Structure formats: C-alpha cells, structure tokens
Amino acid sequence: MKILIVGAGPIGCYLARLLKSKKEKLEVTVIEEHEKIGRPVHCAGLVSRDVLKEAQCPIAPATIINHIDGAEFFHKGESFRIERKGVAVVIDREQFDYELGKDSRVILNSRFLGIEREAKGYLVETDKGAYYADVVVGADGAMSSVRRAAGFFEEIKYHR
C-alpha cells in the first residue's frame, strides 16, 4: 500500500515513523514544500511531560534544550510560583522535526498543487511531478491545502 503524507512537520514525520514501524508492507512517502525539514520554525518548542509520556517514539536527547520544573506568574506587581518537577521540556524545534523525519522517505522542495481520485487511490500533483497513492494524508497545517483541494470541512469554525 502506498501512503503519501503532505507536510514534513512534526505530525507528518511522526506519522511516517509510526507507519514505518508497522509489520504490514507500507510504502510511505512524505512531500515537503520547503528545502529542509524543520524550516521555517512555525511554533515554540515547549512540550509537556504528558506529550512525552504518550508519544510512541522517543524525543532524541540532543533536541532537548532545557527542562521546566514550574513557572512564575506576575500580575500588577504581585507574583506567585508553581513548582512541578519535570512538567515540560524546551526542545529545538528544527532539530526535533529533523530527528522525527530523518529515517523516512522525504521529498523536499515539492509543493502540493492538487489531488484527484484515480482508480482505487489518488493522484497528487506537485510542482515537481505527480504521485499516486492509495491513501493521502494532509499534514500541512491548520490551513491545509490538501483539505481544501479534497473538499473536506470547508467551514471549520474555531471556538475560543
């Protein structure tokens, strides 16, 4: 089975790693529009211990910059401190993304253009050519081009 993941951020690379570890014969390819996994960095690298506990692949120790054991809050001249040993870690997001994707088949500099149904699978068009896949995963962020091109969930509403 051929699986194509669009987006080599943490979710795309994590999924590729999980699929690679399955016993079934899966051919997993990740396409990424940027020239390097982890660039540009889109969000902070603060990861809670709950995420670390639930993750099915370990975070490489080289990606951990600092350990967080609590927080101090300031408001109108007052402050208070909460101490929770090992509550989170600060990671180097670029290195973290790279470590997740380094053993996967990732095609860089390949921008997603569109998707169409073909036979029992999908034909994905990129600026570097077309790819056939039985399954396509849009791991290309909140404003997913894959989601839009496939016509899914056009009216997503975010609630605060």
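In case you missed it, the structure is sitting above this.
Given the structure is predicted, the values throughout are model-derived calculations rather than measurements.

Definitions and cut-offs
Residues numbered from 1 in each chain as written. Predicted model: local features only at pLDDT ≥ 70, side-chain atom pairs only at ≥ 80, totals over all residues. Heavy atoms only, no water. Pairing = 2+ DSSP bridges. Helix = DSSP H or I, 4+ residues; strand = E, 2+ residues; numbered from the N terminus. Axes fitted to C-alpha atoms, helices over the stretch in contact; angles between N-to-C directions. Core = buried A, V, L, I, M, F, W, Y, C linked by side-chain atoms within 4.5 Å. Buried < 20%, exposed > 50% of the residue type's maximum accessible area, 1.4 Å probe, protein only. Contact = heavy atoms within 4.5 Å. Salt bridge = Lys/Arg side-chain N within 4 Å of Asp/Glu carboxyl O.

Enquirer: Is there a simple way to think about the sheet that holds strand β3 (residues 46-48) in this case?
Expert: In a beta sheet, neighbouring strands are held together by backbone hydrogen bonds and run either parallel or antiparallel to one another. Taken in spatial order, the three strands of this open sheet run β3-β5-β4, and their pairing is antiparallel. The open sheet has two free edges, formed respectively by β3 and β4 (64-75), since each of these has just one partner strand. On average, adjacent strands in this sheet sit at an angle of 55° to one another, irrespective of strand direction. Taken together, the 10 bridges between β4 and strand β5 (residues 78-91) define a ladder with antiparallel strand orientation. Among the inter-strand pairings, histidine 67 is bridged to a residue of β5, identified as valine 89.

Enquirer: Honestly, the sheet that holds strand β8 (residues 121-126) in this entry has me stumped. Any pointers?
Expert: One open sheet accounts for three strands, arranged β7-β8-β9; its pairing is antiparallel. For this open sheet the edge positions go to β7 (112-118) and β9 (129-133), each flanked by a neighbour on one side alone. Across this sheet, the average inter-strand angle for adjacent strands is 20°, counted without regard to direction. Summarising the sheet, β7 and β8 pair through six bridges and their orientation is antiparallel. Paired with isoleucine 115 across the bridge in β8 is valine 124.

Enquirer: Just to check I follow, could you spell out the nonpolar core for this structure?
Expert: Soluble globular proteins: nonpolar side chains tend toward being buried together. Formed by 16 residues in total, the largest nonpolar core has its most connected members in Ile5, Val28 and Ile91. Of all the elements in the fold, those that place two or more residues in this core are β1 (2-6), α1 (10-20), β2 (27-31), β5 and α3 (93-101). Considering each element in turn, this core owes the most residues, three residues, to α1. Ignoring anything within four residues of it in the chain, the contact list for isoleucine 5 reads Gly12, Leu15, Ala16, Leu19, Val28, Thr29, Val30, Ile31, Val137 and Ala139. Listed in part, the 11 residues of the second largest apolar core include Ile31, Phe112, Val136 and Val146.

Enquirer: Would you mind showing me how to read the side chain of serine 110 here?
Expert: As for its position among the elements, serine 110 is in the loop between β6 (105-107) and β7. Under the relative-accessibility criterion, serine 110 is labelled buried at 1%.

Enquirer: Can you help me understand α1 in this one?
Expert: Think of an α-helix as 3.6 residues a turn; residues three or four steps apart then line up on the same face. Those residues of α1 that sit buried are Gly12, Cys13, Ala16, Leu18 and Leu19. Those residues of α1 that are buried lie in contact with β1, β2 and α3.

Enquirer: Would you mind showing me how to read unusual backbone geometry here?
Expert: Peptide bonds are trans in most cases, and residues, glycine excluded, mostly fall at negative phi. The phi torsion at lysine 76 lies on the positive side, around 45°, for a residue other than glycine. Along the chain, the position of lysine 76 falls in the loop between β4 and β5. The exposure class of lysine 76 is exposed, given its relative accessible area of 75%. Within the chain, asparagine 109 stands out as a residue other than glycine whose phi angle is a positive 55°. Along the chain, asparagine 109 falls in the loop between β6 and β7. Owing to a relative accessible area of 35%, asparagine 109 belongs among the partly exposed residues under this scheme.

Enquirer: Got a minute to help me understand the pattern of salt bridges in this structure?
Expert: Working definition: two side chains of opposite charge can pair if their charged atoms are close together. Applying the stated criterion to the full structure yields eight salt bridges. Within this structure, Lys36, Arg39 and Glu94 form a network of salt bridges that share partners.

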